[in-house]
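Structure at a glance
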Amino acid sequence: MTTTPLLSAAGLHVAFPGRRGRPTARAVDGVDLDIGAGEIVALVGESGCGKTTLARSLLGLVPPTSGRVTFGGQPLDYASRALKRYRKRVQLVLQDPSGSLNPRHTVYDAVAEGLRIHGYAGDERAAVAEALSRAGLRPPERFFLRYPHELSGGQRQRVVIAGALALEPELIVADEPVASLDASVRGEILALLLRLRDELGLSALVVTHDLGLAWNIADRVAVMYLGRIVEAGPVEEVLTAPRHPYTQALLSVLPESGNAPVVLTGEPPDPSRIPTGCRFHARCQILSSGEAARAGVADLCRTRDLPVLGSAGAGVACHWAGASG
Ligand SMILES: Nc1ncnc2c1ncn2[C@@H]1O[C@H](COP(=O)(O)OP(=O)(O)O)[C@@H](O)[C@H]1O
Ligand code: SF4
Ligand SMILES: [Mg+2]
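A short tour of the structure in this document, coming up. (Residues numbered from 1 in each chain as written. Chains lettered and ligands numbered in written order. Predicted model: local features only at pLDDT ≥ 70, side-chain atom pairs only at ≥ 80, totals over all residues. Heavy atoms only, no water.)

Focus on the nonpolar core
Grouped together as the largest cluster of nonpolar side chains are 107 residues, with contacts concentrated most on L54, V111, L205 and V221. When near neighbours in sequence (up to four residues on either side) are disregarded, V111 contacts V128, A131, L132, V159, A162, G163 and A166. (Core = buried A, V, L, I, M, F, W, Y, C linked by side-chain atoms within 4.5 Å. Buried < 20%, exposed > 50% of the residue type's maximum accessible area, 1.4 Å probe, protein only. Contact = heavy atoms within 4.5 Å.)

Encoded structure:
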């Protein structure tokens with residue numbers, strides 16, 4: 001990427017103190033990631049791999065243990081006033097069932113809340129109407145006095161998105177934005193995010209455990225495993241010709257893959273016990289099937305850690321894929 005990325009993480013680590021005498025949990029363990037202006041990046045990986053922690057640290061909600069986050073080339077300033085200004089430009093969109101809407105607040109108040117927090121000096125009513133309209137709730141006035149329980153799941157998610165849009169952010173971070181919605185409504189919300197990118201030039205980081213969703217929406221995809229990005233690239237490349245065995249396994253379980261599903265064996269990942277060597281080796285189907293040994297990399301798989309993938313946007317962290325590709 002030749003221009004400065006809008007949002008960038010470099011060498012980012014986030015560690016949490018171990019619970020009940022356990023070792024430190026390295027939830028984000030060396031991540032470089034860029035999001036360009038007008039770009040939609042999908043961050044995918046199983047539950048527990050560190051997606052939410054990475055997203056929260058990009059928003060300045062969790063300070064990194066080391067490494068840094070820059071926005072428009074400037075390092076984040078963690079002083080509270082600076083962070084407040086930053087969070088106007090970069091908005092978090094959570095899925096509604098996680099409680100982002102207060103059941104006692106009307107739609108109007110839900111959307112106006114951010115404007116009030118940030119001391120918006122313009123015409124509040126017009127800004128709320130505009131945001132609802134952009135989020136596809138039209139005519140907006142019809143929704144002003146409704147309460148969340150009077151809306152469908154898709155409409156509630158649109159209200160959450162409208163609340164973010166009201167502040168005219170440059171980037172939104174959407175953490176599992178459609179995880180609890182029906183398939184048909186899911187498609188509508190994804191289409192909305194794409195339209196916002198096209199109409200407003202809005203950038204987005206969409207966090208999801210669903211690779212199929214990434215396929216429908218993203219320009220670029222980053223696959224995360226145990227605190228690291230293990231494969232990244234343009235969505236057509238990564239999803240049509242995945243190179244990392246973990247990406248291959250995730251894709252193999254999609255109904256449209258047409259391949260036999262790869263069942264991942266071994267312990268689910270635990271960031272307080274990151275294995276030596278390749279962090280995926282205990283579960284890797286290429287290693288367990290002998291393919292890595294045939295390629296002469298099995299010892300490396302067990303003993304040599306892989307370098308952090310650069311933020312340039314493409315690559316794979318695997319001894320075997322590196323050797324074979
Ligand atoms: N505040 C915290 N304290 C300790 N451990 C945490 C905390 N938040 C997350 N973790 C751990 O960090 C790992 C990554 O969690 P998370 O970022 O929520 O993953 P994901 O969003 O991919 O499911 C998990 O093992 C989780 O238990
Ligand atoms: S480095 Fe080895 S163990 Fe790790 S994903 Fe690649 S083949 Fe599997
Ligand atoms: Mg999460």
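Examining the site of ligand 2
As a structural note, the neighbourhood of ligand 2 is formed by H244, P245, C278, F280, H281, C284, I286, C301, C318, H319 and W320. Tallied by class, residues from the shell around ligand 2 come to eight nonpolar, three polar and no charged. (Near = heavy atom within 4 Å. Nonpolar A, V, L, I, M, F, W, Y, C, P; charged D, E, K, R; others polar.)

Structural notes on unusual backbone geometry
Residue P139 is reached from R138 by a cis peptide bond, and omega for that bond is -10°. Among the secondary structure elements, P139 is positioned in the loop between helix 4 (124–134) and helix 5 (153–165). The backbone of E168 sits at a positive phi, close to 50°, despite the residue not being glycine. Within the secondary structure, E168 sits in the loop between helix 5 and strand 7 (171–175). (Helix = DSSP H or I, 4+ residues; strand = E, 2+ residues; numbered from the N terminus.)

Observations concerning the site of ligand 1
Ligand 1 sits among F16, R19, A27, E46, S47, G48, C49, G50, K51, T52, T53 and P271. One nitrogen or oxygen atom from the side chain of R19 is found 3.4 Å from a nitrogen atom belonging to ligand 1. At 2.8 Å, a side-chain N or O of T52 approaches an oxygen atom of ligand 1. Calculation on ligand 1 without its partners gives an accessible area of 560 Å², and the protein chains cover 68% of this total. Among the elements that make up the shell around ligand 1, the one with the highest residue count is helix 1 (residues 51–58) (three residues). (Polar contact = N/O pair within 3.5 Å; in protein donor to acceptor, adjacent residues only side chain to side chain. Areas by Shrake-Rupley, 256 points an atom, 1.4 Å probe, with all protein chains shown as cover.)

Considering the packing of helix 3 (residues 107–117) against helix 4
Packed helices, taken two at a time, are described by the angle their axes make and the gap between the axes. Between helix 3 and helix 4, the shortest axis-to-axis distance is 10 Å and the interhelical angle comes to 115°. Classified by the angle between their axes, helix 3 and helix 4 sit roughly perpendicular to one another. Note on packing geometry: the crossing formed by helix 3 with helix 4 is right-handed. Residues V107, Y108, V111, A112, L115 and R116 of helix 3 form the contact with helix 4, whose participating residues are E124, R125, A127, V128, A131 and L132. (Axes fitted to C-alpha atoms, helices over the stretch in contact; angles between N-to-C directions. Parallel < 35°, antiparallel > 145°, perpendicular 65-115°, else oblique. Left-handed = near helix turned anticlockwise from the far one by under 90°.)

Side note on the sheet that holds strand 7
Remark on secondary structure: sheet strands pair via backbone hydrogen bonds, oriented parallel or antiparallel. As summarised here, the arrangement of the seven strands in space is 6-7-8-3-9-10-11, forming an open sheet in which the pairing is mixed. If you trace the sheet from one side to the other, it starts and ends with strand 6 (90–94) and strand 11 (315–316), each paired once. Both strand 7 and strand 8 (residues 203–208) contribute to a ladder of five bridges, which runs parallel. Note that in strand 8 the partner of L171 across the bridge is S203. Of the strands in this sheet, strand 3 (40–44), strand 7, strand 8 and strand 9 (220–225) are in contact with helix 1, which crosses strand 8 at around 155°. (Pairing = 2+ DSSP bridges.)

The quantities given are spatial measurements derived from coordinates; they are silent on function.
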